[in-house]
Amino acid sequence: MPDKHYKEAEDCTKFKSQKTGRGPLERGWRNTSEPIMCSYKGVKVKFEVYGLQTKVEGFTHKAVKDILLLGHRQAFAWIDEWYDMKIEDIREYEQKMNLETNKKIKSSASSGSLQNASSSTS
């Protein structure tokens, strides 16, 4: 995991769930843990520009892999926050996060466009 994403509280080798008793994960945990979940993600990248295709596609695959691994680590480390949620609670939380994310995106997009406009007139 890139150092910029590391947080000790989310380190699966140190975290232990208070609600479930799961963790910390030790070397080889996939062979000895029960229950276990496997998640598959299909990612297709096409960048057909001669001389750049291999590098850009490789970079993109690595970035997606890092993002997905980080998300799964966080889901494990945050288990005590979501473990007792009912499906209605999850849907409510998803909607709240969706609204907050959209606000952040709109805010950063509008402030970014203002910065670009002001820098181009200088």
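Bear in mind that the values here come from a model prediction, so they are computed numbers and not experimental data.

Draft legend 1. The arrangement of the overall build of the protein chain in detail. A tally of regular secondary structure across the protein chain gives 4 helices and 0 strands. Each helix and strand of the protein chain, placed in order from N terminus to C terminus, yields the pattern α-α-α-α. Referenced to the eigenvectors of the C-alpha coordinate spread, the extents of the protein chain come out at roughly 60 × 40 × 25 Å. The long-range fraction of contacts in the protein chain, counting pairs at least 24 apart against all pairs at least 6 apart in sequence, stands at 53%. For the protein chain, the computed accessible surface area is about 10,700 Å², with 55% contributed by carbon and sulfur atoms.

Draft legend 2. View of the pattern of salt bridges. Enumeration according to the criterion identifies 5 salt bridges in this entry. As a salt-bridge pair, Lys14 and Glu8 come within 3.9 Å of each other at their nearest N and O atoms. Classification of Glu8 by relative accessible area gives exposed; the value is 54%. A salt bridge links Glu48 to Lys46; the shortest N-O distance between them is 3.7 Å. Relative accessible area serves as the criterion here: at 62%, Glu48 is assigned to the exposed category. Taking relative accessible area as the criterion, Lys46 reaches 59% and is therefore assigned exposed.

Draft legend 3. Looking closely at the environment of Cys38. Looking at the secondary structure, you find Cys38 in the loop between helix 1 (29-32) and helix 2 (53-77). When the C-alpha positions of Cys38 and Thr101 are compared, they lie 27 Å apart, and in sequence the two are 63 residues distant.

Draft legend 4. Looking closely at a nonpolar patch on the surface. Taken together, the side chains of Trp78, Trp82 and Tyr83 make up a nonpolar region of the molecular surface, amounting to roughly 320 Å² of accessible area. The residue Tyr83 is located in the loop between helix 3 (79-82) and helix 4 (87-121) in this model. We classify Tyr83 as partly exposed; its relative accessible area is 41%.

Draft legend 5. Representation of the side chain of Glu10 within the structure. Here Glu10 lies in the segment before helix 1. Those residues in contact with Glu10 that lie beyond four places of it in its chain are Gln74, Ala77 and Trp78.

Draft legend 6. Layout of the environment of Ser108. Relative to the elements of secondary structure, Ser108 occurs in helix 4. Judged by relative accessible area, which is 45%, Ser108 ranks as partly exposed. Here Ile105 takes part through its backbone oxygen, which lies 3.1 Å from a polar atom of the side chain of Ser108.

Draft legend 7. Seen up close, the packing of aromatic side chains. Applying the stated criterion across every chain yields a total of 1 aromatic pair. On the numbers, 5.6 Å between centres and 80 degrees between planes, the contact of Phe15 with Phe76 is edge-to-face. Taken as a pair, Phe15 in the segment before helix 1 and Phe76 in helix 2 lie far apart in primary sequence, 61 residues in all. By relative accessible area, Phe15 is classed as buried at 12%. For Phe76, a relative accessible area of 17% puts it in the buried group.

Rules and cut-offs
Residues numbered from 1 in each chain as written. Predicted model: local features only at pLDDT ≥ 70, side-chain atom pairs only at ≥ 80, totals over all residues. Heavy atoms only, no water. Helix = DSSP H or I, 4+ residues; strand = E, 2+ residues; numbered from the N terminus. Contact = heavy atoms within 4.5 Å. Areas by Shrake-Rupley, 256 points an atom, 1.4 Å probe, with all protein chains shown as cover. Salt bridge = Lys/Arg side-chain N within 4 Å of Asp/Glu carboxyl O. Buried < 20%, exposed > 50% of the residue type's maximum accessible area, 1.4 Å probe, protein only. Patch = residues over 30% accessible without salt bridge, like charges linked within 9 Å, V, L, I, M, F, W, Y side chains within 5 Å. Polar contact = N/O pair within 3.5 Å; in protein donor to acceptor, adjacent residues only side chain to side chain. Phe/Tyr/Trp six-rings, centres within 6.5 Å; stacked < 30°, edge-to-face > 60°.

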